[in-house]
Amino acid sequence: MKLVVTEEQRELRDALRRFFADRSPGAEVRRLMETAEGHDPGVWRQMAEQLGLQGLAISEEHGGAGFGVRELAVVFEEMGRAVVCAPFLATITAAAALEAGEGGHDLLPGLADGSVIATLAVAEDGGSWDPGSVRAAFEGGVLRGTKDFVLDGHIADLVLVAARDEDGVGVYAVEDAAGLVRRALPTLDQTRRLARIGLDGVPARRVGGPEALARALDVAAVALAAEQLGGAQRTLDMTVEYAKVRHQFGRPIGSFQAVKHRCADMFVLVESARSAVLNAAAAADESPDELPAAAALAQAYCSEAFFHTAGEAIQLHGGIGFTWEHDAHLYFKRAQSSRELFGSPDRHRERLAALAGLTGAAAAP
């Protein structure tokens, strides 16, 4: 596998950095945090029409650009740097399930052109993302059950639901989302919305089996790891810059050995996280058999790396870092909430150990 960044990917990164710097500055993020939708529909349309981001990794036959998870990782890294408020992770996760499934390909063009916001509902009471914990049921053409912590579930036009039938756990598409009972959940991270969805006899159709669900969760783990990498890189950058300009005892605090060591430790975490993301993205595109282990490794490591660097950013910024006015708290809250999304670091480490044959734990995502 090639673990290098191509010239095209660097150009994509530069374009995205300019776009998000203009469309998602700190003041705009704070404004969107207070809105009912949690994102800017105009920017969402621009992401689709001007940059083609929603369809980037959707095959050309289904209306997308036909790129891979490597390119998606670049997008998520830049979105993580800017703490972008958008239902992008939810929609990309749903698209991965539809691409890997045996049905529902007719739904992909709407996702690719940005006209449809989609999400994948897996977790239930207790918050487990393990498909083995799914209790929602599909019977007689309808779904029954409850889903918790559904990404952007309050606004999704299309909801894919992990549910059980006589053959096990599958993925079911609820196209008439108006029949769902939705409730927005209070969240620590106000830049990312979660919802509780009630399924009481909601009509649906099967679009994928266990393999489609597993693929979607692995791709989501890689995407989230890339987003965490972007956040970790940004917290490192802002901390280093602050250490250069903040003076104590007549000299920059960055000249003190203790501060240097902590910044160096942050740098090591960020670069190691980058390697984990590159490896996982390459596995998703070239070596699907290696993806489960690579995704688990990337998610476990990047979760911890982002949480640590975000915490260090607050500490090294001193008093200003604890205030509401400073952006450091936005990254810290995103880091904390991301650690539990799609499973905790401990859960991913257990999965990695199981895949390596070191424990008897389940190897499901």
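What you are looking at is a predicted structure, and each value in this text was computed from that prediction instead of being measured.

Q: How should the domain arrangement of the protein chain be read in this particular structure?
A: A common way to report how large an interface is uses the accessible area buried once the components associate. Here the protein chain is described as being made up of domain 1 (7-89 + 109-113), domain 2 (118-209) and domain 3 (212-356). Look at where the C-alpha atoms of domain 1 and domain 2 centre, and you get two points 24 Å apart. Taken together, the contact pairs 15 residues of domain 1 with 10 residues of domain 2. Taken together, the two surfaces of domain 1 and domain 2 that pack against each other cover about 910 Å², and 61% of this comes from carbon and sulfur. Of all residues in domain 1, the largest losses of buried area upon contact with domain 2 belong to Met33, Pro87 and Leu89, amounting jointly to 46% of the total for that side. At the junction of domain 1 and domain 2, the tally comes to 5 residue pairs in polar contact (both at pLDDT 80 or more).

Q: Help me understand the UniProt feature "domain: Acyl-CoA dehydrogenase/oxidase C-terminal" (unreviewed entry) in the protein chain, please; the structure alone is not making it clear to me.
A: If you check UniProt for "domain: Acyl-CoA dehydrogenase/oxidase C-terminal" (unreviewed entry), the listed places come out as residues 211-354 in our numbering. For residues 211-354, helix accounts for 78% and strand for 3%, while the C-alpha atoms at its two ends are 18 Å apart.

Q: Please explain the pairing of strand β5 (residues 168-174) as it appears in this structure.
A: In regular strands, side chains alternate between the two faces of the sheet. Of all 7 residues that make up β5, 7 are buried, and the element is covered over most of its length. Pairing of strand β4 (residues 158-165) with β5 involves 7 bridges; the strand directions are antiparallel. For Leu160, the partnering residue across the bridge sits in β5 and is Ala173. Relative to strand β8 (residues 205-208), β5 is paired through 3 bridges, and the arrangement is antiparallel. By the bridge assignment, Tyr172 is partnered in β8 with Arg206.

Q: Just to check I follow, could you spell out the packing of helix α8 (residues 257-286) against helix α9 (residues 291-317) for this structure?
A: Working note: a packed helix pair is described by the angle between its axes plus the distance between those axes. Across the interface, α8 lies against α9 with an axial gap of 8 Å and an inter-helix angle of 155°. Of the possible angle classes, the one that applies to α8 and α9 is roughly antiparallel. In this structure, α8 crosses over α9, and the sense of that crossing is left-handed. Grouping the constituent residues of the contact of α8 with α9 by class yields 21 nonpolar, 5 polar and 2 charged.

Q: Please explain the pattern of salt bridges as it appears in this structure.
A: Side-chain pairs of opposite charge can arise where the charged atoms are in close proximity. In the structure shown here, the tally under the stated rule is 31 salt bridges. The salt bridge involving Arg70 is made with Glu286; its shortest N-O contact spans 2.4 Å. Of this pair, Arg70 sits in helix α4 (residues 69-82) while Glu286 sits in helix α8, and the two are 216 residues apart along the sequence. Two residues, Arg206 and Glu102, come together in a salt bridge whose shortest N-O distance is 3.5 Å. Taken together, the residues span a long stretch of sequence, with Arg206 in strand β8 and Glu102 in the loop between α5 (88-100) and α6 (108-112) at a distance of 104 residues. For Arg206, a relative accessible area of 31% puts it in the partly exposed group. Overlapping salt bridges, with partners in common, bring together Arg13, Arg17, Glu77, Glu78, Glu271 and Arg274 in one network.

Q: Which parts of the structure should I look at to understand the nonpolar core?
A: Grouped burial of nonpolar side chains is what soluble globular proteins tend to show. Membership of the largest hydrophobic core comes to 94 residues, with the highest contact counts inside it found for Met47, Phe88 and Leu160. Take this core: its biggest share by element is 17 residues, from helix α7 (residues 210-245). Apart from residues no more than four positions distant in its own chain, Leu160 is found in contact with Ala94, Ala97, Leu98, Thr119, Leu120, Ala121, Val171, Tyr172, Ala173 and Val207. Listed in part, the 17 residues of the second largest apolar core include Leu143, Val150, Ala163 and Leu199.

Q: Teacher, can you tell me more about the UniProt feature "domain: Acyl-CoA dehydrogenase/oxidase N-terminal" (unreviewed entry) in the protein chain here?
A: Feature annotation in UniProt places "domain: Acyl-CoA dehydrogenase/oxidase N-terminal" (unreviewed entry) on residues 6-88, given in this structure's numbering. Here residues 6-88 is 59% helix and 0% strand, with 23 Å between the C-alpha atoms at its ends.

Q: Help me understand unusual backbone geometry, please; the structure alone is not making it clear to me.
A: Among all residues save glycine, negative phi is the norm, and among peptide bonds the norm is trans. Positive phi, normally seen in glycine, also occurs at Phe249, with a value near 55°. Along the polypeptide, Phe249 turns up in the loop between β9 (247-248) and β10 (251-252).

Q: Would you take a moment to explain the packing of aromatic side chains for this structure?
A: What characterises a pair of aromatic rings is the spacing of the ring centres plus the angle enclosed by the ring planes. Using the criterion set out here, one finds 5 aromatic pairs in the structure. Measuring from ring centre to ring centre gives 5.1 Å for Phe76 and Phe88, while their planes differ by 45°; the resulting arrangement is tilted. Of the two residues, Phe76 sits in helix α4 while Phe88 sits in helix α5, which places them 12 residues apart along the sequence. The class of Phe88 is buried, set by a relative accessible area of 0%. Over the ring of Phe307 we find Arg339; its NZ or CZ atom is 4.4 Å from the centre of that ring.

Q: Looking at this structure, I do not really get the pairing of strand β1 (residues 118-121). What am I missing?
A: A two-sided burial pattern is seen for β1, the buried positions comprising Ala118 and Leu120 on one face and Thr119 and Ala121 on the other. Direction of pairing for β1 relative to β4: parallel, over a ladder of 4 bridges. Its bridge partner lying in β4, Ala118 is registered against Leu158.

Q: What is the right way to look at the environment of Leu160 in this model?
A: Within the secondary structure layout, Leu160 lies in strand β4. In this structure the C-alpha to C-alpha distance between Leu160 and Leu108, which are 52 residues apart in sequence, comes to 12 Å.

Rules used throughout
Residues numbered from 1 in each chain as written. Predicted model: local features only at pLDDT ≥ 70, side-chain atom pairs only at ≥ 80, totals over all residues. Heavy atoms only, no water. Domains from an automatic or database assignment. Contact = heavy atoms within 4.5 Å. Buried area = accessible area lost by both parts, 1.4 Å probe. Polar contact = N/O pair within 3.5 Å; in protein donor to acceptor, adjacent residues only side chain to side chain. UniProt positions renumbered as here; feature names shortened; annotations may be inferred. Helix = DSSP H or I, 4+ residues; strand = E, 2+ residues; numbered from the N terminus. Buried < 20%, exposed > 50% of the residue type's maximum accessible area, 1.4 Å probe, protein only. Pairing = 2+ DSSP bridges. Axes fitted to C-alpha atoms, helices over the stretch in contact; angles between N-to-C directions. Parallel < 35°, antiparallel > 145°, perpendicular 65-115°, else oblique. Left-handed = near helix turned anticlockwise from the far one by under 90°. Nonpolar A, V, L, I, M, F, W, Y, C, P; charged D, E, K, R; others polar. Salt bridge = Lys/Arg side-chain N within 4 Å of Asp/Glu carboxyl O. Core = buried A, V, L, I, M, F, W, Y, C linked by side-chain atoms within 4.5 Å. Phe/Tyr/Trp six-rings, centres within 6.5 Å; stacked < 30°, edge-to-face > 60°. Lys NZ or Arg CZ within 6 Å of the ring centre and 35° of its normal.

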